[in-house]
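Here's the letter readout for the chains.
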Amino acid sequence: AGTMDLEASHSVVPNEYLFKTCRGDDRFLPGPSINPMKAGALEELERCIAGGMVLLKWLAPLMHFDPEAACCDPFYETLARHRVPILAHTGCEHTFPGMNQELGLPSKYVKALEAGCTVIMAHCGVACPIHMRYHAVDDVVSMMERYANLYAATAALCSLLKWQHLGRLPFDRLPGRFLHGSDYPIPPVAVGFVRKLGLGRMIELTRHPNPLQ
């Protein structure tokens, strides 16, 4: 019905709060999240664009909407027209319960790409070992080769369950198309890279007081 289901919502950050926070500190840029099935969603998108949003964040498996659904079409047209990218979750997600993992498949964003949207695929389609059915790194890379408006972000690829995939990404073949993502507050770990870093550097990075740094 387009209304928020608070009982099924694990974390809610109103966009008004987000913009207020960003206005008070120029270190932050607003990347609001708007469910396209929400009543008045397109009007909210227009308000956020007017307010200076730099991207739209979608975690479709948790927000329970299909990026291929017709309700997304006016979003794609508006985002493409205003040159606002989508930061889209891909791969599996196990931080929250109640996920519909199928909605994180990279192929769900072909429609957005063909509508002219810039799409950033968070996590590069990587799945952890217990969800390999949804592991789609090869799909992300092949789509990046087809669509110049597709990028991928490395968020969560320094976690205990996904670190081994970082070294397999074709950074050299697709220069400038992979973006750094911290996935904060999920902590990064250096232990998986001890062979390349050396023990001392690995310990130094592990003990760093700033997890984002």
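Scroll up to find the structure this text is about.
Computed from a predicted model, the values in this text were never measured in an experiment. (Residues numbered from 1 in each chain as written. Predicted model: local features only at pLDDT ≥ 70, side-chain atom pairs only at ≥ 80, totals over all residues. Heavy atoms only, no water.)

Visitor: Mind showing me how you'd approach the pairing of strand β2 (residues 86-89) here?
Guide: In the case of a regular strand, side chains alternate between the two sheet surfaces. Both strand β1 (residues 56-58) and β2 contribute to a ladder of three bridges, which runs parallel. Following the sheet pairing, W58 is matched in β2 by A88. Bridge count between β2 and strand β3 (residues 119-122): four bridges; the pairing is parallel. Following the sheet pairing, I86 is matched in β3 by V119. (Pairing = 2+ DSSP bridges. Helix = DSSP H or I, 4+ residues; strand = E, 2+ residues; numbered from the N terminus.)

Visitor: Quick question: what am I supposed to make of the packing of helix α2 (residues 41-50) against helix α4 (residues 73-82) here?
Guide: The angle between the axes and the distance between the axes are what describe a pair of packed helices. For the pair α2 and α4, interaxial distance at closest approach is 10 Å and the crossing angle is 15 degrees. Our classification of the angle between α2 and α4 gives roughly parallel. You can see that α2 and α4 cross each other, and the crossing is right-handed. Residues A41, L42, L45, E46 and I49 of α2 form the contact with α4, whose participating residues are P74, F75, T78, L79, R81 and H82. Among the residues making up the contact of α2 with α4, the classes are represented as seven nonpolar, two polar and two charged. (Axes fitted to C-alpha atoms, helices over the stretch in contact; angles between N-to-C directions. Parallel < 35°, antiparallel > 145°, perpendicular 65-115°, else oblique. Left-handed = near helix turned anticlockwise from the far one by under 90°. Contact = heavy atoms within 4.5 Å. Nonpolar A, V, L, I, M, F, W, Y, C, P; charged D, E, K, R; others polar.)

Visitor: How do you make sense of the pairing of strand β4 (residues 150-153) when you look at a structure like this?
Guide: When β3 meets β4, the two strands line up parallel, connected through four bridges. Looking at β4, one finds that I120 is bridged to Y151.

Visitor: Quick question: what am I supposed to make of the side chain of T90 here?
Guide: Among the structural elements, T90 can be located in the loop between β2 and α5 (110-114). Side-chain polar atoms of T90 contact the backbone oxygen of A122, separated by 2.6 Å. (Polar contact = N/O pair within 3.5 Å; in protein donor to acceptor, adjacent residues only side chain to side chain.)

Visitor: Explain the side chain of T154 here, please?
Guide: Mapped onto the elements of the fold, T154 is located in the loop between β4 and β5 (178-179). Among the polar contacts listed, one links the side chain of T154 to the backbone nitrogen of G181, at a separation of 3.4 Å. The residues touching T154, leaving out its near neighbours within four places in the chain, are C124, L166, L169, F171, L179, H180 and G181.

Visitor: Before we go on, may I ask you to explain unusual backbone geometry in this structure?
Guide: The phi torsion of most residues other than glycine is negative, and most of the peptide bonds are trans. The step from Y184 to P185 runs through a cis peptide bond, and the omega angle for that step is 10 degrees. Not every positive phi belongs to a glycine, and H64 is a case in point at roughly 60 degrees. Along the polypeptide, H64 turns up in the loop between α3 (60-63) and α4. In this structure, C124 is a non-glycine residue whose phi angle is positive, near 55 degrees. Topologically, C124 is positioned in the loop between β3 and α6 (137-146). Owing to a relative accessible area of 1%, C124 belongs among the buried residues under this scheme. (Buried < 20%, exposed > 50% of the residue type's maximum accessible area, 1.4 Å probe, protein only.)

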